[in-house]
Amino acid sequence: MSTVYNAALKRDVAAGKKRDADEAGEDSGKVRRNKQRVLVLPSRGVTTRMRHLVNDVEALLPHSKKDSKLDSKSDLSILNELSELNNCNDLYLWLSKTPNGPSAKLQVQNIHTMDELKMTGNCLKGSRHILSFDAGFDAEPHWKLMKELLTQMFAVPRTARRAKPFVDHILTFSILDNKVWFRNFQIIEKDPGATAAAEAEGSEKPKRAQKGAQPEPTLVEIGPRMVLTPIRIFEGSFGGPTLFDNPEYISPAAIRRAARQEKGNAYTNRVLQTQSYRAKRDRYKGQESELSRSKVFS
């Protein structure tokens, strides 16, 4: 009987402690687990390099989910349903805060994946990273909005399920020529124990830091690399009123069309020159001058 009483008493005490902890957490603003995810989803017809870039981005984001390729390119509203099913709030290539927006459409250029760069840097898969933004992101409103979208996508929550509990690399976003340049660097910190041992052995290297100062970390690039060109920023998710339209953006289709038109103009000019030469030759063919062979030797 005493055993039953002790078990019931333990249950009551545990329930009271749990209730007190819940009340204390509500009062003190306890950090809740962030269950939001980033959906990584390419479209069909992408190249091999683009597919490797998607894999590299997925490796950088432990709070991401990868889905199969999307067939439809016209009806992008179905991505909102996919994001809702996968509990995601951001999308790759289209940066979107689902389901209400805003969203941004960007063009990815100058792609270099981790496999082809062969950099010496390295980091643990699933580790968290530091986001570093250029000062230009605070200069204009559309860059501020772009900074918030990139933060929503690349910032790994502290309570992510697959995230490691330490930081060993940094993601940098820089603005140059009205484009966003993305780089990934490893943070290498010098071992203070090894530095102290070298000083104790009487190393002849000059002491650059004062005694007791922390050694400065160094950065080594890991990859991948890419350049993001903003095209448009919409108020809604994958549509809606346009908040920003890049006037300097020229679509790849327009560039190809201009190249074909220039090539066609060159061909047209050659044809016109040939026709002009033939017309001139035919015009003077029937007229014989006084110094022609038939009149001189007749």
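None of these values were measured; they are calculated from a predicted model. (Residues numbered from 1 in each chain as written. Predicted model: local features only at pLDDT ≥ 70, side-chain atom pairs only at ≥ 80, totals over all residues. Heavy atoms only, no water.)

### A closer look at the side chain of N246
So, step 1. One can find N246 in the loop between β11 (239-245) and α7 (252-285).
So, step 2. N246 sits in the buried class, given a relative accessible area of 10%.
So, step 3. In terms of polar contacts, N246 uses its side chain to reach the backbone carbonyl oxygen of P230, at 2.9 Å.
So, step 4. In this structure N246 touches T229, P230 and I231, once residues within four positions along its chain are discounted. (Helix = DSSP H or I, 4+ residues; strand = E, 2+ residues; numbered from the N terminus. Buried < 20%, exposed > 50% of the residue type's maximum accessible area, 1.4 Å probe, protein only. Polar contact = N/O pair within 3.5 Å; in protein donor to acceptor, adjacent residues only side chain to side chain. Contact = heavy atoms within 4.5 Å.)

### Thoughts on the nonpolar core
So, step 1. In this structure, L95, F137, M146, L150, F154, F173 and M226 are the most contacted members of the largest nonpolar core, which totals 28 residues.
So, step 2. Among the secondary structure elements, those contributing two or more residues to this core are α2 (48-60), β5 (103-112), α5 (141-154), β7 (164-176), β8 (179-188) and β10 (225-236).
So, step 3. With six residues, α5 is the largest single contributor of residues to this core.
So, step 4. Residue contacts for F173: discarding those within four places in its chain leaves L131, S132, F133, D134, F137, L150, F154, V180, W181 and F182. (Core = buried A, V, L, I, M, F, W, Y, C linked by side-chain atoms within 4.5 Å.)

### So, a positive patch on the surface
So, step 1. A cluster of basic side chains, namely K65, K125, R161, R162 and K164, defines a positive patch on the protein surface.
So, step 2. Here K125 is to be found in the loop between α4 (114-117) and β6 (127-133). (Patch = residues over 30% accessible without salt bridge, like charges linked within 9 Å, V, L, I, M, F, W, Y side chains within 5 Å. Areas by Shrake-Rupley, 256 points an atom, 1.4 Å probe, with all protein chains shown as cover. Salt bridge = Lys/Arg side-chain N within 4 Å of Asp/Glu carboxyl O. Lys, Arg positive; Asp, Glu negative; His and termini not counted. Charge placed at Lys NZ, Arg CZ, Asp CG, Glu CD.)

### Some points on the pairing of β6
So, step 1. Across seven bridges, the pairing between β6 and β7 is parallel. The residue bridging S132 from the neighbouring strand is T172, located in β7.
So, step 2. Viewed along the sheet, the connection from β6 through α5 into β7 turns out left-handed. (Pairing = 2+ DSSP bridges. Right-handed = clockwise from strand over helix to strand, strands pointing away.)

### Structural notes on the pattern of salt bridges
So, step 1. Counted under the stated rule, the structure contains four salt bridges.
So, step 2. A salt bridge links R183 to E221; its shortest N-O distance comes to 3.8 Å. With R183 in strand β8 and E221 in strand β9 (residues 218-221), the pair connects residues that are 38 residues apart, well separated along the chain.
So, step 3. Exposure remark for E221: the relative accessible area of 14% places this residue in the buried category.
So, step 4. Residue R225 pairs with E221 through a salt bridge whose shortest N-O separation is 2.7 Å.
So, step 5. Here R225 falls in the partly exposed class, since its relative accessible area comes to 25%.
So, step 6. Salt bridges sharing partners connect three or more residues here, namely R183, E221 and R225.

### Some details on α5
Since the α-helix turns once every 3.6 residues, residues separated by three or four places project in the same direction.
So, step 1. Taking 1.5 Å of rise per residue, 14 residues should cover 20 Å, and α5 covers 20 Å from first to last C-alpha, within 8% of that figure.
So, step 2. Within the span of α5, buried status applies to H142, W143, M146, L149, L150, M153 and F154. The arc enclosing the buried residues of α5, seen along the axis, measures out at 120°, which places them on a common side. (Expected span 1.5 Å × (residues − 1). Arc of directions from axis to C-beta.)

### Digging into the confidence of the model for the protein chain
So, step 1. Overall, the predicted model of the protein chain reaches an average pLDDT of 75, with 66% of residues at or above 70.
So, step 2. Under a pLDDT of 50 for its full length, residues 21-28 has, in the predicted model, one contact with residues more than four places off or in other chains. (pLDDT = per-residue confidence, 0-100.)

### Thoughts on the packing of aromatic side chains
Aromatic ring pairs are defined here through the distance separating the ring centres and the angle between the ring planes.
So, step 1. Inspection of the entire model under this criterion finds eight aromatic pairs.
So, step 2. Each ring, one from W94 and one from F238, has its centre 5.4 Å from the other, and the planes form 50°; the classification is tilted. Residue W94 is located in strand β4 (residues 94-96), and its partner F238 is located in the loop between β10 and β11; the two are separated by 144 residues in the primary sequence.
So, step 3. Judged by its relative accessible area of 16%, W94 falls in the buried class.
So, step 4. Judged by centre distance (5.1 Å) and plane angle (15°), the ring pair of F133 and F173 falls under stacked. (Phe/Tyr/Trp six-rings, centres within 6.5 Å; stacked < 30°, edge-to-face > 60°.)

### Quick notes on the environment of A155
So, step 1. Along the chain, the position of A155 falls in the loop between α5 and β7.
So, step 2. The exposure class assigned to A155 is partly exposed, which follows from its relative accessible area of 30%.
So, step 3. With sequence-adjacent residues up to four places away left out, A155 is seen in contact with H63, L131 and L150.

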